[in-house]
Amino acid sequence: MSLQRLDATASPDALVAALDDQGYVIIENWIAPQRLQGLNAELAAELAATPEENEDFGGKKTKRFGGLLGKSPAAAALALDPLLIGLADRVLLPHCAAYQISYTGVASIQPGEDEQVLHRDSNLYPVLNPSPPLVLSTVWAINDFTPENGATRLVPGSHLWPQERKPEPSEVVQAVMPAGSCLIYLGNVIHGGGANRSTGERTGVLFQLCLGWLRQEENQYLSVPPEVARSLDPRLQRLMGYSFGGVSLGMVDRGDPLDALHGHQRRPGGFDYDQDLLEADKNMRWLSVSSADPASRRRD
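One structure accompanies this document, and this report is about it.

Scoring rules and cut-offs
Throughout this document, residue positions are counted from 1 along each chain, in the order its sequence is written. Where local features are concerned, this predicted model is filtered to residues with pLDDT of at least 70; where side-chain atom pairs are given and counted, the filter is 80 or more; whole-chain, interface and lining totals use all residues. To obtain the side-chain values, all non-hydrogen atoms of the structure were used and water was disregarded. Ring pairs shown here join Phe, Tyr and Trp side chains whose ring centres sit within 6.5 Å, with only the six-membered ring taken for Trp; geometry is labelled stacked below 30 degrees between planes, edge-to-face above 60, and tilted in between. Numbering goes from the N terminus for both helices and strands, where a helix is a DSSP run of H or I of at least four residues and a strand is a run of E of at least two. Relative accessibility decides the category of a residue: with a 1.4 Å probe and only protein chains considered, values under 20% of the type maximum give buried, values over 50% give exposed, and everything between is partly exposed. What makes a nonpolar core is a set of buried Ala, Val, Leu, Ile, Met, Phe, Trp, Tyr and Cys residues whose side-chain atoms join them at distances within 4.5 Å. We call two residues contacting when some pair of their heavy atoms lies within 4.5 Å. For the purposes of these results, a polar contact is taken to be a pair of N or O atoms within 3.5 Å, where, inside protein, one atom must be able to donate a hydrogen and its partner to accept one; residues adjacent in sequence count only when each atom of the pair is a side-chain atom. Strands qualify as paired when DSSP identifies two bridges or more between them. Axes here mean lines fitted to C-alpha atoms, for a helix over just the part in contact, with angles spanning 0 to 180 degrees between N-to-C directions. In what follows, salt bridge is the name for a side-chain nitrogen of Lys or Arg lying within 4 Å of a carboxyl oxygen of Asp or Glu. It is the directions from the helix axis to the C-beta atoms that the arc portrays.

**Some remarks on the packing of aromatic side chains**
The tally for this structure, following the rule as stated, stands at 3 aromatic pairs. Taken together, a centroid distance of 4.9 Å and an interplanar angle of 70 degrees make the contact between F244 and Y273 edge-to-face. Of this pair, F244 sits in the loop between α7 (234-240) and α8 (257-261) while Y273 sits in the loop between α8 and α9 (275-283); the two residues are 29 residues apart in sequence, bridging distant segments of the chain. A relative accessible area of 7% places F244 in the buried class.

**Brief notes about the nonpolar core**
Across soluble globular proteins, nonpolar side chains have a tendency to be buried as a group. Formed by 73 residues in total, the largest nonpolar core has its most connected members in L39, L136, W140, L183, I184, V205 and F207. Beyond its immediate chain neighbours, meaning those up to four positions away, I184 contacts L19, G23, Y24, V25, I27, W30, L87, L136, S137 and T138.

**Let's talk about the side chain of H119**
Position of H119 among the secondary structure elements: in the loop between β4 (99-109) and β5 (135-141). Residue classification places H119 among the buried residues on the basis of a relative accessible area of 4%. One polar contact links the side chain of H119 to the main-chain carbonyl oxygen of V117, over a distance of 3.0 Å.

**A word on the sheet that holds strand β8 (residues 182-186)**
Read across the open sheet, the 7 strands follow the order β1-β2-β8-β5-β10-β4-β3; overall the sheet is mixed. Taken across any chain shown, the strands that pair with only one partner, and hence form the sheet edges, are β1 (5-7) and β3 (62-66). On average, each strand axis in the sheet is inclined to that of its neighbour by 25 degrees, with strand direction left out of account. Packing against the sheet, helix α1 (residues 12-22) makes contact with β1, β2 (24-28), β5 and β8, and its axis sits at approximately 140 degrees to β2. Packed on one face of the sheet, helix α2 (residues 33-49) meets β3, β4, β5 and β10 (202-211) and runs near 105 degrees to β3.

**What to know about the pattern of salt bridges**
Tallied over the entire structure, the rule returns 10 salt bridges. Between R5 and E28 there is a salt bridge, with its nearest N and O atoms 2.7 Å apart. Here E28 lies in strand β2 and R5 lies in strand β1, a separation of 23 residues in the sequence. A relative accessible area of 23% places E28 in the partly exposed class. Among the ionic pairs, D114 bridges to R197, the shortest N-O distance being 3.2 Å. With D114 in the loop between β4 and β5 and R197 in the loop between β9 (191-192) and β10, this pair connects stretches of sequence that are 83 residues apart. Overall, R197 belongs to the exposed group, its relative accessible area being 55%.

**Considering the pairing of β5**
Of all 7 residues that make up β5, 7 are buried, and the element is covered over most of its length. Burial of β5 is two-sided: the residues V135, S137, V139 and A141 facing one way and the residues L136, T138 and W140 facing the other way are all buried. Direction of pairing for β5 relative to β10: antiparallel, over a ladder of 7 bridges. Counterpart to L136 in the pairing with β10 is L209.

**What to know about α1**
What α1 keeps buried is the set L15, V16, A18 and L19. Looking straight down α1, one finds its buried side chains confined to an arc of 160 degrees; they lie on one side. α1 presents D13 and D20 as exposed residues on the side facing more than 90 degrees away from its buried surface. Against the buried residues of α1 lie β1, β2, α4 (82-92), β5 and β8. G23 occupies a position one or two residues after α1 and carries a positive phi of about 90 degrees.

None of the figures reported here should be taken as evidence of function without further support.
This is the structure:
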């Protein structure tokens, strides 16, 4: 099966069409070589100091760390890339007034690691598939992703499947891509890390964005200490959750959380919402619960 591939000159509309169709798209050569070199340099020391995981889901021979926004300015800049923001606007904003960063991290699959269990990122939330997109996920290739070193496995079209359907081996593909590329996929696409049968590591930077009315997977307010968060780009601060996730969502003493981050006093006169937030809140699509029957749920 040939993979859906576009380049960084593709329009957000073209990317959305690919996501609607198969649930994922690979954008090749998104990060320029010099920029990638700088990103590698920022991550190297943290990776060297990070031990391998020792659990069934995260792996036995995979290095993982989070809190990336406070550790790598080059990685933090990726979260504000105009192409990514344009795509998230089209995918997530129909279902929320604002979206937010849910998870940031690095996953470095070491030689000898086995395949990760196939799963959906959206399975953190008790919503059965198929569903509107709750999460938009990215994996940025820091080095080449190959069949041998553990390129991410995924199941095209599984964002449209009923929850109980499991993939056949023939339906699983690998996101083989050169360094500097990015795999973008909807959070309800079935996927997992590959097995590393090579002699080198396979390292990816992971970002996940989610609807603003959902709990973030990674607590951004503690993963990035407030004294560090205050130094970041205000756009990034808002993406981290120092913002209203909707009307009244996320308030601090009935005020703007970004004001609270910077120690500003609450503005008198009640809430001071951004007009774009109010417009998005008015226009977002509401979900309708068709069944409240209990269902079993696992991470996979």
